[in-house]
Amino acid sequence: MKVVLVCLVLACLPLQGFSQYKEMDWKERDTWMALDTIFSAIGVEKGDRVADIGCHEGYLSVRLAKKIGKKGKVYAVDLRTDRLQTLKDISKERKLDNIKTIVGDYDNPNLPKGRLDTVIIMDTYHEITDYMTVLGHVKSALKPGGQIVIIEKLKSRIKGKSRDEQTDAHSLGPKYVEQELRKAGFTIRYENNDLGDWENDPDKVIWMLIATKAK
């Protein structure tokens, strides 16, 4: 299945020093980020047009670029141009010519219309304030039958709390996201509420939802 993953950070977050975002710590992240399961559930193949929301320095974008090959395309979007420049440098060093960087806005990832097969929002959806507007833009960017992928972590101390309480803790549970995806006109096709522990912390469980746009 053709896949497009779109990489966007919709808020300027103080995450530059966090281990999972810096290239020097990507190998450690590989030990707890279940990429094989994620890619298998989505259906990543050679030649796919790819991107991911929340790219920072490009952890997911780089791995997707290798997965899809030279005929594929990764759209990497972020608000911060310094992060995008770092990704450009990494791409050049690794000879990855299939990554395109895009500067996004707070409420709009500025994606091409009707061309994407899949949009991923990883560890970023909880930061989006105008999430229904963003979901509308994502839907417009997807092809008929295209899919949106939300990957988040739920901290144990805020389970069962309100949406605002969860997002204030930089976390979010699948219950709220599933409701919002349905409201935006998507159909849930896959859910995994235990993709391991974020940074090997058992109090931060990773989950994923995949939903499709009508054909």
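Note that this is a predicted model, so its numbers are computed, not measured.

### A closer look at the packing of helix α5 (residues 131-141) against helix α7 (residues 174-183)
And step 1. For the pair α5 and α7, the least separation of the axes is 10 Å and the interaxial angle reads 55 degrees. Relative to α7, α5 is oriented oblique. Every pair of crossing elements has a handedness; the one defined by α5 and α7 is right-handed. Facing Tyr131, Met132 and Leu135 of α5, the residues of α7 in contact are Glu180, Leu181 and Lys183.
And step 2. Counted by class, the contact of α5 with α7 contains four nonpolar, no polar and two charged residues.

### Some words on the nonpolar core
And step 1. Counting residues in hydrophobic clusters, the biggest one holds 33 residues, and the most contacted among them are Met33, Ile38, Leu60, Ile99 and Met208.
And step 2. For this core, the elements supplying multiple residues, two or more each, are α2 (35-42), α3 (59-68), β3 (73-78), α4 (81-93), β5 (116-122), β6 (142-155) and β8 (204-212).
And step 3. Broken down by element, this core gets its largest block of residues, six residues, from α3.
And step 4. Apart from the residues lying within four places of it in its own chain, the contact partners of Leu60 are Leu35, Phe39, Asp52, Ile120 and Met122.
And step 5. Among the nonpolar cores identified, the runner-up in size contains 31 residues, and Ala51, Leu142, Val177 and Leu181 belong to it.

### Comments concerning the pattern of salt bridges
And step 1. Taken as a whole, this structure holds seven salt bridges when the rule is applied.
And step 2. Between Arg63 and Asp30 there is a salt bridge, and its shortest N-O distance comes to 3.1 Å. Remark: Asp30 occurs in helix α1 (residues 26-30) and Arg63 occurs in helix α3; sequence separation between them is 33 residues.
And step 3. For Arg63, a relative accessible area of 17% translates into the label buried.

### Regarding the confidence of the model for the protein
And step 1. Summarising the model, the protein shows a mean pLDDT of 89, and 90% of its residues fall at 70 or more.
And step 2. A low-confidence stretch, residues 3-19 stays under pLDDT 50, and its non-local contacts, those more than four residues away or across chains, total 91 contacts.

### Regarding the environment of His126
And step 1. By the secondary structure assignment, His126 is in the loop between β5 and α5.
And step 2. Assessed through its relative accessible area of 6%, His126 is described here as buried.
And step 3. For His126 and Lys153, which are 27 residues apart along the polypeptide, the C-alpha to C-alpha distance reads 9.3 Å.
And step 4. In this structure His126 touches Glu152, Lys153, Thr167, His170, Ser171 and Leu172, once residues within four positions along its chain are discounted.

### Thoughts on α2
And step 1. Among the residues making up α2, those that are buried are Leu35, Ile38, Phe39, Ala41 and Ile42. What you see down the axis of α2 is that its buried residues fit within an arc of 165 degrees, all on one side. For α2, exposure combined with an orientation more than 90 degrees from the buried face picks out Asp36 and Ser40.
And step 2. Contact partners of the buried residues in α2: α1, α3, β5, β6, β7 (187-192) and β8.
And step 3. Phi turns positive, to about 100 degrees, at Gly43, one or two residues after α2.

### Describing the side chain of Asn98
And step 1. Position of Asn98 relative to the elements: it lies in the loop between α4 and β4 (99-103).
And step 2. If sequence neighbours within four positions are ignored, Asn98 has contacts with Ala65, Ile68, Gly69, Lys70, Gly72, Lys73 and Val74.

Scoring rules and cut-offs
- Residues numbered from 1 in each chain as written.
- Predicted model: local features only at pLDDT ≥ 70, side-chain atom pairs only at ≥ 80, totals over all residues.
- Heavy atoms only, no water.
- Axes fitted to C-alpha atoms, helices over the stretch in contact; angles between N-to-C directions.
- Helix = DSSP H or I, 4+ residues; strand = E, 2+ residues; numbered from the N terminus.
- Parallel < 35°, antiparallel > 145°, perpendicular 65-115°, else oblique.
- Left-handed = near helix turned anticlockwise from the far one by under 90°.
- Contact = heavy atoms within 4.5 Å.
- Nonpolar A, V, L, I, M, F, W, Y, C, P; charged D, E, K, R; others polar.
- Core = buried A, V, L, I, M, F, W, Y, C linked by side-chain atoms within 4.5 Å.
- Buried < 20%, exposed > 50% of the residue type's maximum accessible area, 1.4 Å probe, protein only.
- Salt bridge = Lys/Arg side-chain N within 4 Å of Asp/Glu carboxyl O.
- pLDDT = per-residue confidence, 0-100.
- Arc of directions from axis to C-beta.

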